[in-house]
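# Per-entry structural report
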Amino acid sequence: MTTTTTTDPGATDPGTTNLGTSNPGASTHGATDPTDPTGETMERTTAQAPGTARPTAPHAPDAERLRRWRLVLGADSADSTGRTLTGQDAAMDGALNALYGGGAGKKPGGGRGAGGRSAGLGASAPSVARWLGDIRRYFPSSVVQVMQRDAIDRLGLAALLLEPEMLEAVEADVHLVGTLLSLNKAMPETTKETARAVVRKVVEDLEKRLESRTRATLSGALDRSARISRPRHRDIDWNRTIRANLKNYLPVPGPAGAGGAGDPGGSGGTEGRGTIVPERLIGYGRASRSARKDVILCIDQSGSMAASVVYASVFGAVLASMRTLSTRLVVFDTAVVDLTDQLDDPVDVLFGTQLGGGTDINRALAYCQGKITRPADTVVVLISDLYEGGIRDEMLKRVAAMKASGVQFVTLLALSDEGAPAYDHEHAAALGALGAPAFACTPDLFPDVMAAAIEKRPLPIPDKETQQ
């Protein structure tokens, strides 16, 4: 564990302490090894009253160090550190202890650290609401989201999210949206409107972040892919045509008696002039109301793909709003659902999904294959961890057939910020052998991947050597 301290100059008493973790899956309360064998990192920021003198007691640094270790190790360390927390430190410690500390009755997969640590929030909705308010008061938003996720995973608090007052108290993020979608079918009507408001807030934030760059990147790719090599005269892009044919430059000798190379004494010659033979004409794509490219997003809605479903739905809505693209969105588990008619509102798309269940990629690809009318102008994006429950060989045959017909096929193991996903390595290797390498993609990279697919360029695969 690495501990970082930032102290304002000229301070005496610690006022607030903020705990953060760089490992979203790690507990910030109950760690015992200062050498940090797990790679966890704690950050502490101590704000002190400005204009006051530093303490001069000889053991003040040791006392502060003990105080910090007491906060890191939790209530079980009170005797060993000899520190008693007061004020905001005590309140912060209580909020952490409710989630990561405790006493008897440890649940499976409970808190980390020494001893029989367990959760202490209980089943009372009011106490959980107070706890949610406390952690928002004491910790930054990024840490709050981690603690909420831990509370849902470790304490089984998902059921409490079915209550409107709980949803109003939580910090909304992509992972919370995934949890709400998994609870959609069990959600009472009194909660659905609140849940939709939470989901809409997250979706709108994602659209603001992703839309402008996606539009700019894909519009440029569509313009470049629309250029034609046999244009009409009025459609010729002369600048690009001249640059493409500079190698065909031919010098023209001046006429006799008119100056130039053959008449040094003449005037008005053409010495140094020449002509370019336009072997290759490049023209602008003619404006058309019809879509230039067809895009099919085929999304695995199994429980492990929750974050990918959220991002893919947002991207689907952005792509559908571009007139030069015809976008279709298909979600699947063992059944296939076409949500294209709901793409004008990604919130409707998300509530049309049903996270969980099995996976039949072959059936989903069969449906998508039946919707392809212009293979050479179609991009199919399969977003799945490739754990196939259907017919593996048929799935691979469908991918091979689509690629042979001219379809650009992209396989994304995940579309999220969560890092390397779990996936079926055998199926990923088989797709790679067909020329459809499977790789994880962050939301920021997705526009570049789509632009490359539209222009039929090599895909910008991160860590290409290890992904294939």
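Note that the structure is a prediction, hence the values are computed from the model and not measured.

A tally of regular secondary structure across the protein chain gives 16 helices and 12 strands. In the protein chain, which comprises 468 residues, the proportion classed as buried is 45%. A total of about 22,400 Å² of accessible surface is found on the protein chain, and carbon and sulfur atoms cover 51% of it.

Mapped onto the elements of the fold, D300 is located in strand β7 (residues 293–300). Given the relative accessible area of 0%, D300 is considered buried. C-alpha of D300 to C-alpha of V331: the two residues are 31 residues apart in sequence and 5.9 Å apart in space. Beyond its immediate chain neighbours, meaning those up to four positions away, D300 contacts M305, V309, F332, T359, I383, S384 and D385. Reaching out from D300, the side chain makes a polar contact with the backbone nitrogen of S302 at a distance of 2.9 Å.

Another aspect to go through is the nonpolar core. Membership of the largest hydrophobic core comes to 80 residues, with the highest contact counts inside it found for W131, F139, M147, L180, V381 and F446. Counting 25 residues, the second-largest nonpolar core is a separate cluster that includes F332, I372, A428 and A438.

Attention shifts here to helix α12 (residues 361–370). The complete set of buried residues in α12 reads I361, N362, A364, L365 and C368. One side of α12 carries all its buried residues, which in axial view fall inside an arc of 160°. Tucked inside the fold, the buried residues of α12 contact β7, β8 (325–332), β9 (336–338), β10 (378–383), α13 (392–404) and β11 (408–415).

Okay, the packing of helix α7 (residues 174–182) against helix α10 (residues 306–320) next. Relative orientation of the contacting elements α7 and α10 amounts to 100°, with a least axis distance of 8 Å. In terms of orientation, α7 and α10 fall into the roughly perpendicular class. Only A306, A307, V310 and Y311 of α10 make contact with α7, whose side of the interface consists of V174, V177, G178 and L181.

All told, the structure shown has 15 salt bridges when counted by the stated rule. Salt-bridge contacts for R200 lead to D345; the nearest nitrogen and oxygen are separated by 3.0 Å. Within this pair, whereas R200 is found in helix α8 (residues 189–225), its partner D345 is found in the loop between β9 and α11 (346–352), the two being separated by 145 residues in sequence. When its relative accessible area of 31% is taken as the criterion, R200 is described as partly exposed. Overall, the relative accessible area of 16% leaves D345 in the buried class. Here D377 makes a salt bridge to R374, at a shortest N to O gap of 4.0 Å.

Attention now moves to the sheet that holds β8. Strand pairs in the sheet, formed through backbone hydrogen bonds, run parallel or antiparallel to each other. Pairing within the open sheet is mixed, and its six strands lie in the order β9-β8-β7-β10-β11-β12. Two strands in the sheet have a free side with no partner beyond their single neighbour: β9 and β12 (438–441). Pairwise comparison of adjacent strand axes, ignoring direction, gives a mean angle of 25° for this sheet. By the bridge criterion, three bridges tie β8 to β9 in an arrangement that is antiparallel. Looking across to β9, one finds that V330 is bridged to D338.

A few words on the environment of E165. Take E165: it is sitting in helix α6 (residues 164–169). E165 sits 26 residues away from T191 along the chain, and the two C-alpha atoms are 8.9 Å apart.

For the structure shown, the criterion picks out one aromatic pair. With centroids separated by 4.5 Å and ring planes inclined at 40°, the aromatic side chains of F315 and F446 adopt a geometry described as tilted. On the criterion of sequence distance, the pair formed by F315 in helix α10 and F446 in helix α15 (residues 446–455) is long-range, its members being 131 residues apart. A cation over a ring is seen here: R196 above F351, with NZ or CZ 5.1 Å from the ring centre.

The next point concerns the confidence of the model for the protein chain. Per-residue confidence for the protein chain averages 73 on the pLDDT scale, and 67% of its residues sit at or above 70. Per-residue pLDDT, averaged within each element of the protein chain, yields its smallest value for strand β4 (residues 41–47) (37) and its largest for β10 (96). Overall, residues 103–119 carries pLDDT values under 50, and its contacts beyond four positions in sequence, including any with other chains, amount to 46 contacts.

Attention now moves to unusual backbone geometry. Unusually for a residue other than glycine, L386 sits at a positive phi of about 70°. On the basis of relative accessible area, L386 is assigned to the buried category, the value being 0%. For K456, which is not glycine, the phi dihedral falls at a positive 60°. In this fold, K456 is placed in the loop between α15 and α16 (464–467).

Basis of the calculations
Residues numbered from 1 in each chain as written. Predicted model: local features only at pLDDT ≥ 70, side-chain atom pairs only at ≥ 80, totals over all residues. Heavy atoms only, no water. Helix = DSSP H or I, 4+ residues; strand = E, 2+ residues; numbered from the N terminus. Buried < 20%, exposed > 50% of the residue type's maximum accessible area, 1.4 Å probe, protein only. Areas by Shrake-Rupley, 256 points an atom, 1.4 Å probe, with all protein chains shown as cover. Contact = heavy atoms within 4.5 Å. Polar contact = N/O pair within 3.5 Å; in protein donor to acceptor, adjacent residues only side chain to side chain. Core = buried A, V, L, I, M, F, W, Y, C linked by side-chain atoms within 4.5 Å. Arc of directions from axis to C-beta. Axes fitted to C-alpha atoms, helices over the stretch in contact; angles between N-to-C directions. Parallel < 35°, antiparallel > 145°, perpendicular 65-115°, else oblique. Salt bridge = Lys/Arg side-chain N within 4 Å of Asp/Glu carboxyl O. Pairing = 2+ DSSP bridges. Phe/Tyr/Trp six-rings, centres within 6.5 Å; stacked < 30°, edge-to-face > 60°. Lys NZ or Arg CZ within 6 Å of the ring centre and 35° of its normal. pLDDT = per-residue confidence, 0-100.

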